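# Chain and residue survey
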Amino acid sequence: MAPPRILLCGDVLGRLNQLVKRVQSVNKSAGPFDALFCVGQFFPDSPDRLDEFMEYVEGRAQIPLPTYFTGDYGVGAAKVLLAASWNSGNLGFKMDGFKVSENLFWLKGSGKFTLHGLSIVYLSGRQSSEAQQFGTYSQDDVDALRALAEEPGIVDLFLTNEWPSGVTNRASVSDVPVGISDSSGSDSTICELVAEIKPRYHIAGTKGVFYAREPYSNIDAVHVTRFLGLASVGNKDKQKFLHALSPTPSSVMSTAEISMKPPNTTISPYTLSEQTDHPKDAMKRTIDAVSDSQYWRYDVSQKRKRHADEDSDRMCFKFVYSGSCSHGEKCHFRHDSDAREQFLRGVCIDFIIKGKCERGPDCNFKHNLLDEGESHSCRRPGSGGGHASRSKECWFCLSSPSVESHLVTSIGESCYCAVAKGPLVQDHLLIIPIEHLPNTLSVPPECETDLVKLQDCLKMYYKNQKKEAVFFEWVSKRGTHANLQAIPVPSSKVAALKDIFSLAAEKLGFTFMINKFNNNLEGRKWLRRQFDDNFSCFYVELPEGTILLHLVGENEKFPIQFGREVLAGLLNMAERADWKNCVLGKEEEMKMAENFKKKFEVFDPSQ
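As a starting point, this report considers the structure included with it. (Residues numbered from 1 in each chain as written. Predicted model: local features only at pLDDT ≥ 70, side-chain atom pairs only at ≥ 80, totals over all residues. Heavy atoms only, no water.)

### Points about the pairing of strand β22 (residues 536–541)
One face of the sheet, then the other: side chains in a regular strand alternate in exactly this way. Buried residues dominate β22, accounting for 6 of its 6 residues. Of the two faces of β22, the one holding S536, F538 and V540 and the one holding C537, Y539 and E541 are both buried throughout. In terms of strand pairing, strand β19 (residues 467–475) meets β22 through 5 bridges, oriented antiparallel. Counted as the bridge partner of E473 is Y539 from β22. Note: β22 against strand β23 (residues 546–552), 6 bridges, orientation antiparallel. The partner of E541 across the bridge, within β23, is I547. Between the end of β22 and the start of β23, which pair antiparallel, lie 4 residues, with G545 showing a positive phi angle near 100 degrees. (Buried < 20%, exposed > 50% of the residue type's maximum accessible area, 1.4 Å probe, protein only. Helix = DSSP H or I, 4+ residues; strand = E, 2+ residues; numbered from the N terminus. Pairing = 2+ DSSP bridges.)

Have a look at this one:
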């Protein structure tokens, strides 16, 4: 049986027309090829290319080969990938790609799968210190790959977006592209992973140049690794962005074939420099040093000795993390159901497996085993929560199992709109950042632009119904996921808004800071200048451009439903001041959301 024929591509940057034309040409002259793998940024780097890109996503243009991508960031990424995540065919523990459209598959997070006999491992996204829903990988993604690296067999392809730090070490200087350095587009975590996974081929993008490094040998492995860096589609220097490969799967290769080392093979670029002089001694010292310093997050065997008597007390990471393991009863590690249950209830997986966590006070999870009835809501004191990562229990994170997606009405680049749970009035909406951020006053510029655009569209929608928009937000210094409330008020009631809010403030013993602006953008700039994340605050944006702001004192008791309570009084709906009294059944909520979507469609900026 002939080996599979595959194509490899660098950063697509949304240039699908150019990529498809090139793939069709190569497929005709040298094909047929079985699949295309894209690394680096897949989505457009400019809104100008979004229409071209969406032609393929929405099925109006066809992708000729099954195409898999890892670069889940760029213009339009959030909207496209959220839709893919919600597709019923993509539910469950999927490693072989989420279907985005015909022949287009998103390799999400990290994973391992087999395609045409090839063992393929991938790490999607880029490294980032801030938790984001798309475009970055998490520590869990990295840990999962380290667990997968312990499985028997050789990995044929390892796909990453960024180059590993140090890959040019010991390489021929004449082959290294001019100007290449580790300071940009290189990742030290990928360096660690590739040294552990030891793939036959490592493919990466983001540097914008083509580079085929000489093969290098691996510690404690007979086969060599070949690194291939690919340029971006349509690059000005006409560097190679598409590369053809026909690798025989390692699973059907003989020992002699897999052990062959070309004459130009170098020592691994990721080992200590002293190996150049004493490779055998240095190799042993490297392995020992790695184990002694706990270089890897888990105490994985560096020599792949998988004897049951040695490993019987060690837990299977994959089972604890995912609840399943492909090895079943043949797995050399313990499938501990109690550990799995503790993980599901919010105990730190490092603490479960290693007995300690290197993240210390920055960790968001429990560092003690929970008794029956306890849950992750009992966080460790000082664990931070809001900024550190998206909570799996967050009501507003679209990737969370707790989100009620039937309430979502519109999704933009950085924000989405949803019908309020337990609405005060019809068309009571929430504007919510897609990223897990604690308030709308600390969102990045692109999210602020998206938010203001949604505000303007809601204003037009309400005005069309002879109503005006009132926006307010309770910003807690311990906030989790931001939401800006939008409530329509009859035009006849608008003149009383400022006075009724001021009167309510007076009864609670404070006075609002008041300022008036010509547009939302200027008003929100002023709010950000006043905002101090060491304090909570409440603000309300009134229809004529007036903003009322109150910075809440350290020991001040402030009612978190203040904005809703004031408007309930204005509208003679005191009984609806508490949202819990207004919760509807799911069918009613779905009808309410669908009705709003139909009416809002002509105003929706995402359409």
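Still more to cover.
### Observations regarding the nonpolar core
Counting 48 residues, the largest nonpolar core has C9, L19, L36, F42, F69, L242 and Y416 as its most contacted members. Here this core gets 6 residues from one element, more than from any other, and that element is helix α3 (residues 77–86). Apart from residues no more than four positions distant in its own chain, L242 is found in contact with L7, L8, C9, L19, R22, V23, V26 and L36. In terms of nonpolar packing, the next biggest core, distinct from the first, is built from 34 residues, C415, I431, L549 and F600 among them. (Core = buried A, V, L, I, M, F, W, Y, C linked by side-chain atoms within 4.5 Å. Contact = heavy atoms within 4.5 Å.)

### Some thoughts on the side chain of S410
Assignment of secondary structure puts S410 in strand β16 (residues 408–411). At 2.7 Å, the side chain of S410 forms a polar contact with the side chain of D604. The residues touching S410, leaving out its near neighbours within four places in the chain, are Y416, C417, D604 and S606. (Polar contact = N/O pair within 3.5 Å; in protein donor to acceptor, adjacent residues only side chain to side chain.)

### Examining the environment of F351
Structurally, the position occupied by F351 is in helix α11 (residues 349–354). F351 sits 16 residues away from H367 along the chain, and the two C-alpha atoms are 5.9 Å apart.

### Examining the sheet that holds strand β18 (residues 429–433)
If you trace the 8 strands from one edge of the open sheet to the other, you get β16-β17-β18-β20-β19-β22-β23-β21, paired in antiparallel fashion. The open sheet has two edge strands with one neighbour each: β16 and β21 (513–516). When strand polarity is set aside, the average angle formed by the axes of neighbouring strands in this sheet is 20 degrees. Sheet analysis places β16 next to strand β17 (residues 415–419), joined by 3 bridges and oriented antiparallel. Among the inter-strand pairings, V408 is bridged to a residue of β17, identified as A418. Packing of helix α12 (residues 445–464) onto the sheet brings it into contact with β17, β18, β19, β20 (484–490) and β22, and relative to β19 it is tilted by some 145 degrees. (Axes fitted to C-alpha atoms, helices over the stretch in contact; angles between N-to-C directions.)

### Considerations on the packing of helix α4 (residues 139–148) against helix α5 (residues 188–197)
Relative to each other, α4 and α5 sit at 15 degrees, their axes nearing to 9 Å. Between α4 and α5, the angle falls in the class roughly parallel. Between α4 and α5 the crossing geometry is left-handed. Residue-level inspection shows V142, L145 and R146 of α4 in contact with α5, the latter providing T189, E192, L193 and I197. (Parallel < 35°, antiparallel > 145°, perpendicular 65-115°, else oblique. Left-handed = near helix turned anticlockwise from the far one by under 90°.)

### Considering unusual backbone geometry
The omega torsion across G31 and P32 is 5 degrees, close enough to zero to call that bond cis. You can see P32 is positioned in the loop between α1 (16–30) and β2 (35–41). A positive phi angle, close to 55 degrees, is found at L13, a residue other than glycine. Structurally, L13 can be placed in the loop between β1 (6–9) and α1. For N103, which is not glycine, the phi torsion reads 70 degrees and is therefore positive.

### So, the pairing of β2
In terms of residue burial, β2 counts as a mostly covered element, since 7 of its 7 residues are buried. Across 4 bridges, the pairing between β1 and β2 is parallel. When the sheet's bridge partners are listed, L7 is paired in β2 with L36. Handedness of the β-α-β unit built from β1, α1 and β2 comes out right-handed. (Right-handed = clockwise from strand over helix to strand, strands pointing away.)

### A closer look at the pattern of salt bridges
For side chains bearing opposite charge, pairing can occur when the charged atoms are close. Following the criterion strictly, the structure yields 15 salt bridges and no others. Notably, a salt bridge pairs D45 with R49, separated by 2.5 Å at the nearest N-O pair. With a closest N to O distance of 3.8 Å, D427 and K599 form a salt bridge. Remark: K599 occurs in helix α16 (residues 586–600) and D427 occurs in the loop between β17 and β18; sequence separation between them is 172 residues. Given a relative accessible area of 8%, D427 falls into the buried group. Under the relative-accessibility criterion, K599 is labelled partly exposed at 34%. Among the charged side chains, a network of salt bridges with common partners joins E448, R524, R528 and E541. (Salt bridge = Lys/Arg side-chain N within 4 Å of Asp/Glu carboxyl O.)

### Describing the packing of α12 against helix α14 (residues 520–530)
One can describe the packing of α12 onto α14 by two numbers: an axis separation of 10 Å at closest approach and a directional angle of 130 degrees. Classed by the angle they form, the pair α12 and α14 counts as oblique. Where α12 crosses over α14, the two elements pack in a sense that is right-handed. On α14, the residues that touch E448, L451, V452, Q455, D456 and K459 of α12 are N520, L521, R524 and R528. A class-by-class count of the residues in the contact of α12 with α14 yields 3 nonpolar, 2 polar and 5 charged. (Nonpolar A, V, L, I, M, F, W, Y, C, P; charged D, E, K, R; others polar.)

### Quick word on α14
Residues that lie three or four places apart on an α-helix share one face, since the helix turns once every 3.6 residues. All buried positions along α14 are accounted for by N520, G523, R524, W526 and L527. End-on view of α14: buried residues confined to an arc of 155 degrees, all on one side of the axis. As for α14, its buried residues are in contact with α12, β20, β21, β22 and β23. Here α14 starts with a cap whose side-chain oxygen sits 3.2 Å from the backbone nitrogen of L521, and that cap is N519. (Arc of directions from axis to C-beta.)

### Regarding the sheet that holds β1
Pairing within the open sheet is mixed, and its 6 strands lie in the order β4-β5-β3-β2-β1-β15. In this open sheet, the two edge strands, each paired with only one partner strand, are β4 (98–101) and β15 (242–245). On average, each strand axis in the sheet is tilted by 25 degrees relative to the strand beside it, whichever way the strands run. Bridge analysis of β4 against strand β5 (residues 104–106) gives 3 bridges, and the strand direction is antiparallel. Bridge assignment links F98 to a residue of β5, and that residue is W106. Packing of α3 onto the sheet brings it into contact with β3 (67–71), β4 and β5, and relative to β4 it is tilted by some 125 degrees.

All we've got here are geometric facts, nothing functional implied.
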